[in-house]
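# Residue-level structural notes
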Amino acid sequence: MRVGALALQGDFREHLAIIEGLGHIGVEVRTPEELDDVDALIVPGGESTTIGRLATIYGLIEPVRRRIEEGMPVLGTCAGMIFLATSTTGPDQPQLGVLDAVVERNAFGRQVDSFEMALDVTGLDGPIHAVFIRAPWIDKVGGSVEVLATVADPETGRDRPVVVRQDNIVATSFHPELTSDGRLHELFLGDH
Ligand code: GLN
């Protein structure tokens, strides 16, 4: 499979290394033409307002949205999750609005900026080592969104979704590309 990573900002190279390790072809996507040439897309972590601003400038918002609505598998991680979602709990920013979810940016930041944990994810055999960096969580999901993993809010103890799936869309709050574990990438590609 030719798997693209949106290469505007953030850690797209680490994602493409995992993709190549799984035996797929990794492609950097910066233009609508490059998007046409991939079978699946990763929106990496980074800074979601920057990714949104650059995607607007590069004319990628509509083409990416269309491909996802047509069923292209997409994985959004951290800032990528924010970019895929309908809205945030904060001020407006450019978003694709394909994932029926309201996301809270820097949600764990009130307590801790970054942390790592072993996280159980529905559909994966055994926990995944999850690296959270100024991570969002999901505040609300629509009815078509399946929650695959949650983390307890450090303040209230309430479970907050951190891995979700909606049809061809998988989104994670953490950074699966920062470990050598490719299982989340296999999950979004339907490889197992
Ligand atoms: N805090 C960033 C944002 O809100 C996301 C952080 C990340 O991708 N590691 O866009």
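Each chain carries its own residue numbering, running from 1 in the written order of its sequence. Selection of residues for local features in this predicted model requires a pLDDT of at least 70, selection of side-chain atom pairs for listing and counting requires 80 or more, and totals for whole chains, interfaces and linings are taken over all residues. Here the side-chain values reflect all heavy atoms present in the structure, with hydrogen atoms and water set aside.

### Topic: the overall build of the protein
Put simply, the rule reads: Helix and strand labels come from DSSP, where a helix needs a run of H or I of at least four residues and a strand needs a run of E of at least two; each type is numbered from the N terminus. Only the C-alpha atoms count toward the radius of gyration. The rule for a globule is 2.2 Å times the residue count to the power 0.38. Contacts are residue-level and defined by heavy atoms, with any inter-residue pair within 4.5 Å sufficient. In these tables, accessible area is a Shrake-Rupley quantity obtained with a 1.4 Å probe, and a residue counts as shielded only by the protein chains included in the view. Counting rule for charge: Lys and Arg are taken as positive, Asp and Glu as negative, and neither His nor the chain ends is counted. A single reference atom marks each charge: NZ on Lys, CZ on Arg, CG on Asp, CD on Glu.
Tallying secondary structure elements over the protein gives 6 helices and 12 strands in all. A compact globule built from 192 residues would reach a C-alpha radius of gyration of about 16 Å, and the protein, at 15 Å, matches this within 12%. The principal-axis extents of the C-alpha atoms in the protein amount to approximately 45 × 35 × 30 Å. Within the protein, contacts between residues separated by at least 24 positions form 61% of all contacts whose residues are at least 6 apart in sequence. Of the accessible surface of the protein, which amounts to about 8,100 Å², a share of 47% is contributed by carbon and sulfur atoms. Separation between the mean location of the 15 positive side-chain charges and that of the 30 negative ones in the protein comes to 5 Å.

### Notes on helix H1 (residues 12-21)
Residue pairs three or four apart in sequence face the same way in an α-helix, which turns once every 3.6 residues. Heads up, the condition is: Here the term buried applies to any residue with accessible area under 20% of the maximum for its type, exposed to any over 50%, and partly exposed to those in between, with areas from a 1.4 Å probe on protein chains only. Working definition: the arc comes from the directions between the helix axis and the C-beta atoms, pointing outward to the latter.
Among the residues making up H1, those that are buried are Phe12, His15, Leu16, Ile18 and Ile19. Angularly, the buried residues of H1 cover 155° about the axis, an arc narrow enough to put them on a single face. Facing away from the buried side of H1 by over 90 degrees, the exposed positions are Arg13, Ala17 and Gly21. On its buried side, H1 packs onto strand S1 (2-6), strand S2 (25-29), strand S3 (40-43), strand S4 (74-77) and helix H6 (183-189). Phi for Gly23, located one or two positions after H1, is positive at around 90°.

### Topic: the sheet that holds strand S6 (residues 99-104)
Selection criterion: Pairing between strands requires that DSSP locate at least two bridges from one strand to the other. The convention used is that axes are lines fitted to C-alpha atoms, helices contributing only their stretch in contact, and that angles between N-to-C directions extend from 0 to 180 degrees.
Ordered by their spatial adjacency, 3 strands build an open sheet running S5-S6-S9, and the pairing between neighbours is mixed. Each end of this open sheet is capped by a strand with a single partner; those strands are strand S5 (85-88) and strand S9 (137-141). Across the sheet, the axes of successive neighbouring strands diverge by a mean angle of 35°, strand direction being ignored. As judged from the 3 bridges shared by S5 and S6, these two strands associate in the parallel manner. Bridge pairing links Ser87 to Val102 in S6.

### A short note on the site of the ligand
Note the cut-off: One heavy atom within 4 Å of a molecule or strand is enough for the residue carrying it to be called near that molecule or strand. Pairing of N or O atoms within 3.5 Å defines a polar contact, subject to two protein rules: one partner must be a possible hydrogen donor and the other a possible acceptor, and residues neighboring in sequence count only if both atoms are side-chain atoms. Under the grouping applied here, Gly and all other residues not named as nonpolar or charged are polar, the nonpolar ones being Ala, Val, Leu, Ile, Met, Phe, Trp, Tyr, Cys and Pro and the charged ones Asp, Glu, Lys and Arg.
In the vicinity of the ligand, the contacting residues are Gly45, Gly46, Glu47, Ser48, Cys78, Ala79, Ile82, Arg105, Asn106, Ile133, Arg134 and His175. Contact distances for the ligand include 2.7 Å between an oxygen atom and a side-chain N or O atom of Arg105. When isolated, the ligand has an accessible area of 300 Å², and the protein chains bury 93% of it. Across the shell around the ligand, the residue classes break down as 4 nonpolar, 5 polar and 3 charged.

### Overview of the environment of Glu47
Residue position: Glu47 is located in the loop between S3 and helix H3 (48-57). For the pair Glu47 and Gly10, spaced 37 residues apart in the sequence, the C-alpha separation amounts to 6.9 Å.

### Notes on the side chain of Arg65
With respect to the helices and strands, the residue Arg65 is situated in helix H4 (residues 61-69). At 3.3 Å, the side chain of Arg65 forms a polar contact with the backbone oxygen of Gln95. Each residue touching Arg65, except ones within four places of it in the same chain, is listed here: Gln95, Leu96 and Val98.

By themselves these figures say nothing about function.
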